[in-house]
Amino acid sequence: MSARAARQHLLADPVLGPVVAQVGAMALKPVKDREPYEALVRAIAHQQVHGKAAEAMLNRLIALTPHEPFPTPAQVLALPEGALRACGFSAAKQAAILDIAHKSAAGWVPTRRAAARLPDAELIERLVALRGVGRWTVEMLLIFTLGRPDILPVDDFGVREGYRVAAGLDAQPKPKELALIGERWAPFRSAASWYLWRAADLNKAGRFRVPAAM
């Protein structure tokens, strides 16, 4: 994704343009060396728990394989019974991680290199079949791990709140409504999402400047 091209495209938008002008340069930088398998396991760890608690569980998991930067699918599957629970993962998280590891070892979860050959829609369809993985999780992987440039997670609270703030609305748009609105941001909808998150953050901090026209 060309950050400059995305910024120029979004600056011309009547709603996003003022947000882009206020926020400035885009700082969306995907984690270029992370495999989809690892990103999904990390996402499962972070579901419904505080970030520090999730990182503590992940650090205990990583400590089980000290010679690897992150346990491979085969290593996770070879762990003794109870090892994941001992790391702090709930029964549901354990089941999800084992399913992701199994499907990764079998090739269902593509490597980063293989994923590069698959379109967004196919990756979403394939990965939402995994236990504990929903569309939002896959969309976060597409944006923050694989660096896909045209993803708009319309179910995300922050994205919808950012649009509500930017457009001066009383209520957030419904997901289907935002999907239609967002068509004008293509092919840079990932950048649009990033700017909408920033708008929501600025508003929460009381620092969002509402355009004079509104």
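So, a few notes on the structure that sits alongside this text. These figures come from a predicted structure and were not determined experimentally.

This part takes up the pattern of salt bridges. Between side chains of opposite charge, a pair can form as their charged atoms come close. Under the counting rule described, the total for this entry stands at 10 salt bridges. Across the salt bridge formed by Asp120 and Arg148, the nearest N and O atoms sit 2.6 Å from each other. In this pair, Asp120 sits in helix α9 (residues 120–127) while Arg148 sits in the loop between α10 (135–144) and α11 (157–167), placing the two residues 28 residues apart along the sequence. A residue is classified by how much of its surface remains accessible, and Asp120, at 22% relative accessible area, is partly exposed. Put simply, Arg164 and Glu161 hold a salt bridge, and the shortest N to O gap is 2.8 Å. In this pair, Arg164 and Glu161 are both assigned in helix α11, three residues apart and thus about one turn of the helix distant. A residue is classified by how much of its surface remains accessible, and Glu161, at 14% relative accessible area, is buried. In the salt-bridge network here, residues are joined through shared partners; they are Arg34, Glu38 and Arg42.

Here we take up unusual backbone geometry. For the bond running from Ala186 to Pro187, omega is 5°, close enough to zero to count as cis. Topologically, Pro187 is positioned in the loop between α12 (175–181) and α13 (189–204). Although it is not a glycine, Gln48 adopts a positive phi angle of roughly 60°. Relative to the helices and strands, Gln48 resides in the loop between α3 (36–46) and α4 (51–63). Assessed through its relative accessible area of 85%, Gln48 is described here as exposed.

Below, the discussion takes up the packing of α11 against α13. Helix packing for two helices is described by the angle between their axes and how far apart those axes are. Between α11 and α13, the shortest axis-to-axis distance is 7 Å and the interhelical angle comes to 70°. As summarised for this structure, α11 and α13 are arranged roughly perpendicular, according to the angle between their axes. Between α11 and α13, the contacting residues are Gly158, Val159, Glu161, Gly162, Tyr163, Arg164 and Val165 on the first element and Ser193, Leu196, Trp197, Ala199, Ala200 and Asn203 on the second. Residue composition of the contact of α11 with α13, grouped by class: seven nonpolar, four polar and two charged.

A few words now on α10. The element α10 is largely enclosed, with a buried count of seven among its 10 residues. Among all positions of α10, only Thr137, Val138, Glu139, Met140, Leu141, Leu142 and Ile143 are buried. For α10, the secondary structure elements touched by its buried residues are α3, α9 and α13.

Following the criterion strictly, the structure yields four aromatic pairs and no others. Ring centres of Tyr37 and Phe70 lie 6.0 Å apart, and the angle between their planes is 75°; this geometry places the pair in the edge-to-face category. Of this pair, Tyr37 sits in helix α3 while Phe70 sits in the loop between α4 and α5 (73–77), placing them 33 residues apart in sequence. For the residue pair Tyr37 and Phe70, the accessibility class agrees, reading buried in each case. Looking at Arg126, its charged tip hangs above the ring of Trp108, at a distance of 5.1 Å from the centre. Across the ring face of Trp194, the terminal group of Arg198 is positioned such that the distance to the ring centre comes to 4.9 Å.

What counts as what
Residues numbered from 1 in each chain as written. Predicted model: local features only at pLDDT ≥ 70, side-chain atom pairs only at ≥ 80, totals over all residues. Heavy atoms only, no water. Salt bridge = Lys/Arg side-chain N within 4 Å of Asp/Glu carboxyl O. Helix = DSSP H or I, 4+ residues; strand = E, 2+ residues; numbered from the N terminus. Buried < 20%, exposed > 50% of the residue type's maximum accessible area, 1.4 Å probe, protein only. Axes fitted to C-alpha atoms, helices over the stretch in contact; angles between N-to-C directions. Parallel < 35°, antiparallel > 145°, perpendicular 65-115°, else oblique. Contact = heavy atoms within 4.5 Å. Nonpolar A, V, L, I, M, F, W, Y, C, P; charged D, E, K, R; others polar. Phe/Tyr/Trp six-rings, centres within 6.5 Å; stacked < 30°, edge-to-face > 60°. Lys NZ or Arg CZ within 6 Å of the ring centre and 35° of its normal.

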